[in-house]
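Working through the structure, step by step
Listed below, chain by chain, are the residues.
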Amino acid sequence: MLLRLLLVALCFVGLTAPARAQSTNVILSTTTSTQDSGLLDVLVPMFEKKTGLSVKTVSVGTGQALALAARGEADVALVHAPSLERKYVEDGKMQHRRLVMYNDFIIIGPEDDPARIKGMPRAVDALKRIAETQSRFVSRGDKSGTHLLELGLWKQAGIEPKGAWYIESGQGMGQTLGIANDRRAYTITDRGTWLAFQKRVSLPILVEKDKPLLNIYSVMEVNPANGPRVNVAGGKAFADFMVAPETQAVIKVFGVDKFGQALFVPIAGKTDADFP
Amino acid sequence: MELIGQGLLEAVRLLLAGDREVWSVTWLSLRISATATLLALACGIPLGTALALSRFTGRGFLISLVNTGMGLPPVVVGLFVTIVLWRSGVLGFLELLYTPTAMVLAQLVIAAPIVIGLTLAAIQQIPDKFRLQLLALGASRPQMVWTLLKEARLPMLAAVMAGFGAVISEVGASLMVGGNIKGSTRVLTTATVLETSKGNFDVAIALSLILLVLMFLVNWALTWIQQRRVA
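Residues numbered from 1 in each chain as written. Chains lettered and ligands numbered in written order. Predicted model: local features only at pLDDT ≥ 70, side-chain atom pairs only at ≥ 80, totals over all residues.

Attention now moves to the overall build of chain A. When its secondary structure is counted, chain A shows twelve helices and ten strands. The principal-axis extent of the C-alpha atoms belonging to chain A is close to 65 × 55 × 40 Å. Of all 276 residues assigned to chain A, the portion counted as buried reaches 46%. Of all intrachain contacts in chain A linking residues separated by at least 6 positions in sequence, the fraction that spans at least 24 positions is 74%. (Helix = DSSP H or I, 4+ residues; strand = E, 2+ residues; numbered from the N terminus. Buried ≥ 20, exposed ≤ 12 C-beta atoms within 10 Å, placed from the backbone. Contact = placed C-beta atoms within 7 Å.)

Now for the pairing of strand 1 (residues 25-30) of chain A. All names here are of chain A. Of all the six residues making up strand 1, five are buried; the element is thus mostly covered by neighbouring parts of the structure. Note: strand 1 against strand 2 (residues 54-59), six bridges, orientation parallel. Within strand 2, the residue paired with L28 across the bridge is T57. Where strand 1 lies against strand 3 (residues 76-79), three bridges are found, and the strand directions are parallel. Opposite T30, over in strand 3, you have L78 as the bridge partner. (Pairing = 2+ DSSP bridges.)

Now for unusual backbone geometry. Here A:K209, not a glycine, exhibits a phi torsion of approximately 65 degrees, which is positive. Its place among the elements puts A:K209 in the loop between strand 8 (205-207) and strand 9 (214-222). Here A:K209 falls in the exposed class, since 11 other C-beta atoms lie within 10 Å of it. Non-glycine residue B:N180 carries a positive phi angle of around 55 degrees.

We now examine the nonpolar core. In terms of nonpolar packing, the biggest core is built from 133 residues, with A:A77, A:I107, B:A102, B:A106, B:A111 and B:V115 touching the most fellow members. For this core, the leading source of residues is helix 5 (residues 100-124) of chain B, giving 17 residues. No fewer than three residues from each of domain 1 (25-102 + 216-268) and domain 2 (104-213) of chain A sit in this core. (Core = buried A, V, L, I, M, F, W, Y, C linked by C-beta atoms within 7 Å. Domains from an automatic or database assignment.)

Now for the environment of A:R129. All names here are of chain A. Secondary-structure assignment places R129 in helix 6 (residues 123-132). R129 sits in the partly exposed class, given 18 other C-beta atoms within 10 Å. When residues no more than four places from it in sequence are discounted, the contact partners of R129 are A115, R116 and I117.

Mapping A:Q134 onto the fold places it in the loop between helix 6 and strand 5 (137-139). When residues no more than four places from it in sequence are discounted, the contact partners of A:Q134 are A:G163 and A:W165.

Further remarks concern the interface of chain B and chain A. Listed per partner, the contact involves 25 residues of chain B and 29 residues of chain A. The element best represented in the side of chain B that touches chain A is helix 2 (residues 20-53) of chain B, accounting for seven residues. Tallied by class, residues from the side of chain B that touches chain A come to eleven nonpolar, eight polar and six charged. (Nonpolar A, V, L, I, M, F, W, Y, C, P; charged D, E, K, R; others polar.)

For an α-helix the count is 3.6 residues per turn, leaving residues at separations of three or four pointing the same way. Residue and element names in this part refer to chain A. For helix 7 (residues 145-157), spanning 13 residues, the distance from its first C-alpha to its last is 19 Å, which sits close to the expected 18 Å at 1.5 Å a residue. Of the positions making up helix 7, those classed as buried are G145, T146, H147, L148, L149, E150 and L153. Remark: G158 follows helix 7 within two positions and exhibits a positive phi of approximately 70 degrees. (Expected span 1.5 Å × (residues − 1).)

Another aspect to go through is the domain arrangement of chain A. Residues and elements named next belong to chain A. Under the domain assignment used here, chain A contains domain 1 (25-102 + 216-268) and domain 2 (104-213). The gap between the C-alpha centroids of domain 1 and domain 2 is 26 Å. In this complex, domain 1 contributes 15 residues to the contact, which on the side of domain 2 involves 13 residues. At the level of secondary structure, the elements contributing two or more residues to the side of domain 1 that touches domain 2 comprise helix 2 (32-36) and helix 4 (62-70). Considered class by class, the residues forming the side of domain 1 that touches domain 2 number five nonpolar, nine polar and one charged.

Turning next to the confidence of the model for chain A. Here chain A averages 88 in pLDDT, while 92% of its residues score no lower than 70. A low-confidence stretch, residues 10-22 of chain A stays under pLDDT 50, and its non-local contacts, those more than four residues away or across chains, total 15 contacts. (pLDDT = per-residue confidence, 0-100.)

Quick look at helix 6 (residues 128-136) of chain B now. Little of helix 6 of chain B is tucked away: zero of the nine residues are buried. Backbone geometry just downstream of helix 6 of chain B places B:G138 in the positive-phi region, at approximately 95 degrees.

This is the structure we're talking about:
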């Protein structure tokens, strides 16, 4: 009996050992928001069909995505933390940074709005009020692009958030929204994820459309000096694809069918100077 | 509660509608975990048997290590296998990271100690006298080992179930070394995590139910093999 089982085992092993990966692989390190929104599920097959390359998407927080790329564990990065990105470019770890698209962040919170921030024009002032009134606030706490933006705002406000009111979830945007909803707390989220969670999250938008809340995504190629096996050509091909007119046209209408509005605004060709 | 009902309906709908993605994710889960379990058996049974029958200094220490390994946290395995498979890692030149093979490797590391440990226990529960008697009756050493393994087949099938159950339900290592890539390394557990984070709770529940049914079917088949000769 056991002998027969082992024989079957050996057959199985032979059948399932997948073909060795070729250098036609492009590793894309990106953020959870591009994955969770479903945008990559549309763009990646488009790119693969066009180039014959196969993309391996690793979606993690922006901090980890850049750290992986800096180790040469990826070929191209699509992330959203401009200040951190510029640092990686200055250090020579990443190169040829190009803007791809943006959406925006919003501050949401409980309907009864204990900190009275509804309609405030400046996000920084809203955070100050939340801290002053010690109203519950859920932070991503995971070095993601969203978390970095939030930390930047606290810094501007001159506040070091600490205390029982400040909850660090350490998880993705979706889970964090769930926690904020259950605890009736404030949080900062990208508009796309919030739209996608309308069914489960009942926290309304309280502050929006402030300039610092702009969420800009850019694409960067990995410096081949970072590691021995960086696929330079593949990385460049994907970066070029992201800013190509056809791709930008797809981004422009992505989400309209599902959410009634586009989730991202394409901005290829623009520079940081256009978004002061 | 209403949500779980919805999930149940969604599961039935997905399966009956022959949703290709769900089927391919289910099939991949089964294939990866079955391969890992069978490989774990291939190396775990000989090692466990050797450990049960030999006597040497440091044996107790080694067995303690195996017993600890039976509870290896999958995320820890995932982290170390990832580092080894990184382009800059020892096995980086194989370009295995984010492939099903990498997932098999990580699951093998998780399942092997379980198989070794349970094989060891299965062989050791056979009375020493039985072994001596076999040798006295003129059995060669390979014959003796073979007879012992046959004698221990009931608890050994438990090792198969425990190993398979551990790897197919594991998510931490699969997520890390596989990357949860659609159509390539997305398995039932990692897809469940993704759908939950996307807020598609009904799909997440449906995937969980499919996983439970799959585990039940496999265990049912193994139990049938195990109990057949007893009845």
